[in-house]
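This is what each chain is made of:
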Amino acid sequence: MTAFDLRALLALSCGLLLAACGSDQAASPSTPSLSVSVAEPAMQTLPRRIAASGSIAAWEEVVLGVELSGQRVASVEVEVGDVVEKGQPLLRLDTRTLAMELRQAEANLKVASANARRGERLRREQLVAASEAEQLIAGEITARAQAENARLRMEFATLRAPHDGVISARNVQPGQVITAGAELLRMIRDQRLEWRAELPEAALVQIEEGMPVRLQAPDGQPVEGTVRTISPGLDSRSRTGTVFADLPDPGGLRAGMYAAGEIELAEREVRTVPAAAIVERDGYRYLFVLGEGDVVAQRRVELGARSGDVVEVTEGLQGDERVVVEGAGFLADGDLVRVVAASEG
């Protein structure tokens, strides 16, 4: 056999082998890329929620001072964080000068009272002119007012809590000489905190007084609250308004913190799918819908409220499709899958 004949025989053998391989591939069925479980969208009643964020603040923070000037602080009875009751002494001034003024005023009142009694007697006996008697009587009135003023100043020397609450700031030390009206202490009235959430106008108009609020404290514990009131106007630049929510039990939240939370609106019936069926890619959210021949199609969707392990689908589903749940994150558009039960998947 010549070399030409050998080359021809080799080419013929290769051609027959390639043809056989091609026919085997064409005849074999396509292989599913993955075993998945599927679920049908369901109609459920879910609460609508509006996400918001804002600061934690005192419902009412009371600035405390005294009405006396030039007096020295004798003692400060509280520290920041102390819980106090209405009427409890918070601060005491040095009262030595005030006590001396009170004693002098009371002595003057005794003398003026005696003079007034004498003036009345002399007027009845017509031993003095009426004007002179009236002057003695008026002296008692003046002295009584001065004594009452001295007693009042003695009362001002002790600063007492005007309400129940907790001390939030202290700006005074023993020995300090104070002036009237200076801020010495601050207290959060009734230990009551509130959440001040900023919302755009489109969301603000959906909020009503009494709606539930849910925040999360830094320790991870949930904090419940209630919308107390809503600002009647919007900021002209940001077009946002403020929602004020009472926090009866603030837990780990403190005044000055910034917290994110949700405001719960009225419930409504929505179409939901298992949250595990949602796939996020390139900043968008997708579902894989099972089609004919167990081929999946990637479908972009818009989501709404979440509750537990289900999520609302607002756009992208007609309602009668079946969506891939387990295994969705490993699929691509057009993949052939094998459907199994959820537990098996």
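Residues numbered from 1 in each chain as written. Predicted model: local features only at pLDDT ≥ 70, side-chain atom pairs only at ≥ 80, totals over all residues. Heavy atoms only, no water.

Visitor: Looking at this structure, I do not really get the layout of surface pockets. What am I missing?
Guide: To locate leftover empty space, one rolls a probe as large as a water molecule over the atoms. For the largest pocket, the calculated volume is near 210 Å³. Taken together, 13 residues line the largest pocket, and the ones lying closest to its centre are Val166, Ile188, Leu193, Arg254 and Ala255. Considering each element in turn, the lining of the largest pocket owes the most residues, 3 residues, to strand β9 (residues 165–170). Taken together, the residues that form the lining of the largest pocket break down as 8 nonpolar, 4 polar and 1 charged. (1 Å grid on protein atoms, 1.4 Å probe; cavity = no way out; pocket = protein on both sides within 12 Å on 5 of 7 lines; lining within 4 Å. Points joined across faces, edges and corners; volume = space filled by probe spheres on them. Helix = DSSP H or I, 4+ residues; strand = E, 2+ residues; numbered from the N terminus. Nonpolar A, V, L, I, M, F, W, Y, C, P; charged D, E, K, R; others polar.)

Visitor: Can you walk me through the packing of helix α2 (residues 96–124) against helix α3 (residues 130–156) in this structure?
Guide: The description of two packed helices rests on the angle between their axes and on the distance between the axes. Put simply, α2 and α3 touch, their axes get as near as 7 Å, and they point 160° apart. As summarised for this structure, α2 and α3 are arranged roughly antiparallel, according to the angle between their axes. Handedness of the crossing formed by α2 with α3: left-handed. Tallied by class, residues from the contact of α2 with α3 come to 15 nonpolar, 6 polar and 11 charged. (Axes fitted to C-alpha atoms, helices over the stretch in contact; angles between N-to-C directions. Parallel < 35°, antiparallel > 145°, perpendicular 65-115°, else oblique. Left-handed = near helix turned anticlockwise from the far one by under 90°.)

Visitor: How should the sheet that holds strand β8 (residues 158–160) be read in this particular structure?
Guide: Backbone hydrogen bonds are what pair the strands of a sheet, in a parallel or an antiparallel way. With respect to topology, 3 strands assemble into an open sheet ordered β5-β7-β8, the strand pairing being antiparallel. Where the open sheet ends on each side, the last strands, each with one partner, are β5 (73–76) and β8. The mean angle between the axes of side-by-side strands here comes to 20°, regardless of whether they run parallel or antiparallel. Examined bridge by bridge, strand β7 (residues 89–93) and β8 share 3 bridges and lie antiparallel to one another. What sits directly across from Leu91, in β8, is Leu159. (Pairing = 2+ DSSP bridges.)

Visitor: What am I meant to see in the nonpolar core here?
Guide: Nonpolar side chains tend to gather and get buried jointly when the protein is soluble and globular. The biggest cluster of nonpolar side chains holds 26 residues, and the ones touching the most others in it are Ile56, Trp195, Leu199, Ile207, Leu215, Leu253 and Ile263. Those elements giving two or more residues to this core turn out to be β3 (42–58), β11 (193–200), α4 (201–204), β12 (212–216), β13 (222–230), β14 (240–247) and β15 (258–274). Dropping the residues within four chain positions of it, Ile207 is found in contact with Ile50, Leu199, Val227, Ile230, Val243, Ile263 and Leu265. Counting 21 residues, the second-largest nonpolar core is a separate cluster that includes Val62, Val66, Leu159 and Val172. (Core = buried A, V, L, I, M, F, W, Y, C linked by side-chain atoms within 4.5 Å. Buried < 20%, exposed > 50% of the residue type's maximum accessible area, 1.4 Å probe, protein only. Contact = heavy atoms within 4.5 Å.)

Visitor: Help me understand α3 in this model?
Guide: The α-helix advances 3.6 residues per turn, and as a result positions three or four apart in sequence lie on the same side. Between its first and last C-alpha, α3 extends 39 Å over 27 residues, near the 39 Å set by a 1.5 Å rise per residue. Within the span of α3, buried status applies to Ala133, Ile137, Glu140, Ala143, Ala147 and Ala150. Elements that come into contact with the buried residues of α3 comprise α2. (Expected span 1.5 Å × (residues − 1).)

Visitor: How should α2 be read in this particular structure?
Guide: The end-to-end C-alpha distance of α2, which contains 29 residues, comes to 43 Å, matching closely the 42 Å that a straight helix rising 1.5 Å per residue would cover. Taken residue by residue, α2 has Leu98, Ala99, Leu102, Ala105, Leu109, Ala112, Ser113, Ala116, Gly119 and Leu122 as its buried positions. In this fold, the buried residues of α2 make contact with α3.

Visitor: Sorry, what's going on with the environment of Gln173 here?
Guide: As for its position among the elements, Gln173 is in the loop between β9 and β10 (185–189). Its relative accessible area of 47% is what places Gln173 among the partly exposed residues. Gln173 has contacts with Val73 and Val76, leaving out every residue within four places of it along the chain.

Visitor: Which parts of the structure should I look at to understand the sheet that holds strand β4 (residues 61–64)?
Guide: Strands sit in the order β4-β10-β9-β6 across an open sheet of 4 strands; the sheet is antiparallel. Edge positions in the open sheet fall to β4 and β6 (83–84), since each of these has one partner strand only. Two elements, β4 and β10, share 4 bridges in a ladder whose sense is antiparallel. Each bridged residue has a counterpart across the sheet, and for Val63 the counterpart in β10 is Arg186.

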